[in-house]
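Overview (structure and organization)
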Amino acid sequence: GTATAPGTAAAPGTAAPDAPAAGLVEVRGVHKSYGTLEVLAGIDLVVRPGEVTVILGPSGSGKSTLLRVINHLEKVDRGFVAVDGDLIGYSRWGDTLRELKEKDILVQRTRIGFVFQGFNLFPHLTALENVVEAPVSAQGRPRAEVEAEARELLARVGLADKVDARPRQLSGGQQQRVAIARALATRPRVLLFDEPTSALDPELVGEVLDVIKDLAHGGTTMLVVTHEIGFAREVADTVVFMDAGRVVEQGPPTQVLDAPRHDRTKAFLDKVL
Ligand code: ADP
Ligand code: MG
């Protein structure tokens, strides 16, 4: 059902979420500033179950901040973010509707897999231990069961023979594939990728994109920030173009990539294509 707190009014300019969530991820009217710099200037975004959304946009347009807001690494000033709203309810910082407690945020984070540009593996742990860590420590699942699943996940990303390797013994592409297996290990409802291939040598980009494509074709819900236009064309259900903290346009790849309506989208695509 819907999570509507009693006796609270909607803040001006933000619609109350009085209908069941249509999306696995719903971002509504989100504003976020750092000092006087408005980084997110009213973002609306819906990611439906099983869909792949690719976010494009120039550096500094707010893409990483948006992912961090969705993962509750940043609080919003206005608006709300719901992830799998039926399970967790929604957070709506900046007004009195409902504050998620720290405990709820931790639970919600286990329902979101996050893959960063810089891999962020624990350097002293093996690939297997990196994958096992969160399900055991944050979700309290039995280690034996988690280990068996972690081996399957590492095999799925093509690293069955690297379970005992430490990050420094792996290439960047292999490290990022461990990071993807780790993100999957908590059985998240949605995966967030923040430029997952931009720290990689060019010859290693393909092996990581192939893993992400496999997940996409397998029905994993994901939100991917990337400059890889070919990838977007192949797997995105929706392409979102952001600039200066706003969604400038969004739609299927054939529309946004091949027939962009806005000059800023055209100018950006001219640069990256
Ligand atoms: P993108 O990922 O699209 O390159 P970001 O979301 O990283 O954009 O950043 C958007 C803007 O917000 C940039 O101008 C950046 O410098 C600024 N910014 C990001 N994080 C912070 C922060 N913690 N404090 C101050 N400014 C920030
Ligand atoms: Mg970024």
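For the structure given in this document, a descriptive report is provided here. Quick caveat: nothing in here was measured; it's all calculated off a predicted structure.

Bringing the site of ligand 1 into the picture now. Around ligand 1, the structure places Tyr34, Leu37, Val39, Pro58, Ser59, Gly60, Ser61, Gly62, Lys63, Ser64 and Thr65. Gly60 is positioned such that a nitrogen or oxygen atom in its backbone is 2.7 Å from an oxygen atom of ligand 1. Here an oxygen atom of ligand 1 sits 3.1 Å away from a polar atom, N or O, in the main chain of Ser61. Counting only elements with at least two residues in the shell around ligand 1, the list comes to strand 2 (37-47) and helix 1 (63-70).

Here we come to helix 6 (residues 172-185). An ideal rise of 1.5 Å per residue puts 20 Å on 14 residues; helix 6 measures up with 20 Å between its terminal C-alpha atoms. Remark: Arg187 follows helix 6 within two positions and exhibits a positive phi of approximately 55 degrees.

Turning our eyes to something else, we now look at the packing of helix 4 (residues 127-137) against helix 5 (residues 143-156). The N-to-C vectors of helix 4 and helix 5 enclose an angle of 130 degrees; their axes lie 9 Å apart at closest approach. Between helix 4 and helix 5, the angle falls in the class oblique. Judged by the sense of rotation from one axis to the other, the crossing of helix 4 with helix 5 is right-handed. Along its contact with helix 4, which presents Ala127, Leu128, Val131, Val132, Pro135 and Val136, the element helix 5 presents Arg143, Val146, Glu147, Ala150, Arg151, Leu153 and Leu154.

Let's shift gears to the sheet that holds strand 4 (residues 78-83). Strands sit in the order 2-1-4 across an open sheet of 3 strands; the sheet is antiparallel. A strand with exactly one partner marks an edge of an open sheet, and here the two such strands are strand 2 and strand 4. With strand direction ignored, the average angle separating the axes of adjacent strands in the sheet is 25 degrees. One ladder, built from 5 bridges, connects strand 1 (residues 25-34) with strand 4; its direction is antiparallel. When the bridges of strand 4 are listed, Val25 appears paired with Val83.

Taken in spatial order, the 6 strands line up as 5-6-7-3-8-9 in an open sheet, and their pairing is mixed. Two strands close off the open sheet at either side, each with one partner strand: strand 5 (112-115) and strand 9 (246-251). Taking the axes of each pair of neighbouring strands and ignoring which way they run, one obtains an average angle of 15 degrees across the sheet. Bridge analysis of strand 3 (residues 52-56) against strand 8 (residues 238-243) gives 4 bridges, and the strand direction is parallel.

Residue placement: Thr186 occurs in the loop between helix 6 and strand 6 (190-194). Not counting the four nearest positions on each side in its chain, Thr186 is found in contact with Thr110, Ala134, Pro135, Gln139 and Arg141.

What follows concerns the environment of Val131. If you trace the backbone, Val131 turns up in helix 4. Considered as a pair, Val131 and Ala165 are 34 residues apart in the sequence and their alpha carbons are 12 Å apart. Each residue touching Val131, except ones within four places of it in the same chain, is listed here: Ala150, Leu153, Leu154, Val178, Ala181, Arg182 and Ala185.

Our next topic: unusual backbone geometry. Positioned with a positive phi, Phe119 is a non-glycine residue whose angle comes to about 70 degrees. Phi at Glu195 is positive, roughly 45 degrees, even though this residue is not glycine. Mapping Glu195 onto the fold places it in the loop between strand 6 and helix 7 (202-217). Here Glu195 falls in the buried class, since its relative accessible area comes to 15%.

Calculation criteria
Residues numbered from 1 in each chain as written. Chains lettered and ligands numbered in written order. Predicted model: local features only at pLDDT ≥ 70, side-chain atom pairs only at ≥ 80, totals over all residues. Heavy atoms only, no water. Near = heavy atom within 4 Å. Polar contact = N/O pair within 3.5 Å; in protein donor to acceptor, adjacent residues only side chain to side chain. Helix = DSSP H or I, 4+ residues; strand = E, 2+ residues; numbered from the N terminus. Expected span 1.5 Å × (residues − 1). Axes fitted to C-alpha atoms, helices over the stretch in contact; angles between N-to-C directions. Parallel < 35°, antiparallel > 145°, perpendicular 65-115°, else oblique. Left-handed = near helix turned anticlockwise from the far one by under 90°. Contact = heavy atoms within 4.5 Å. Pairing = 2+ DSSP bridges. Buried < 20%, exposed > 50% of the residue type's maximum accessible area, 1.4 Å probe, protein only.

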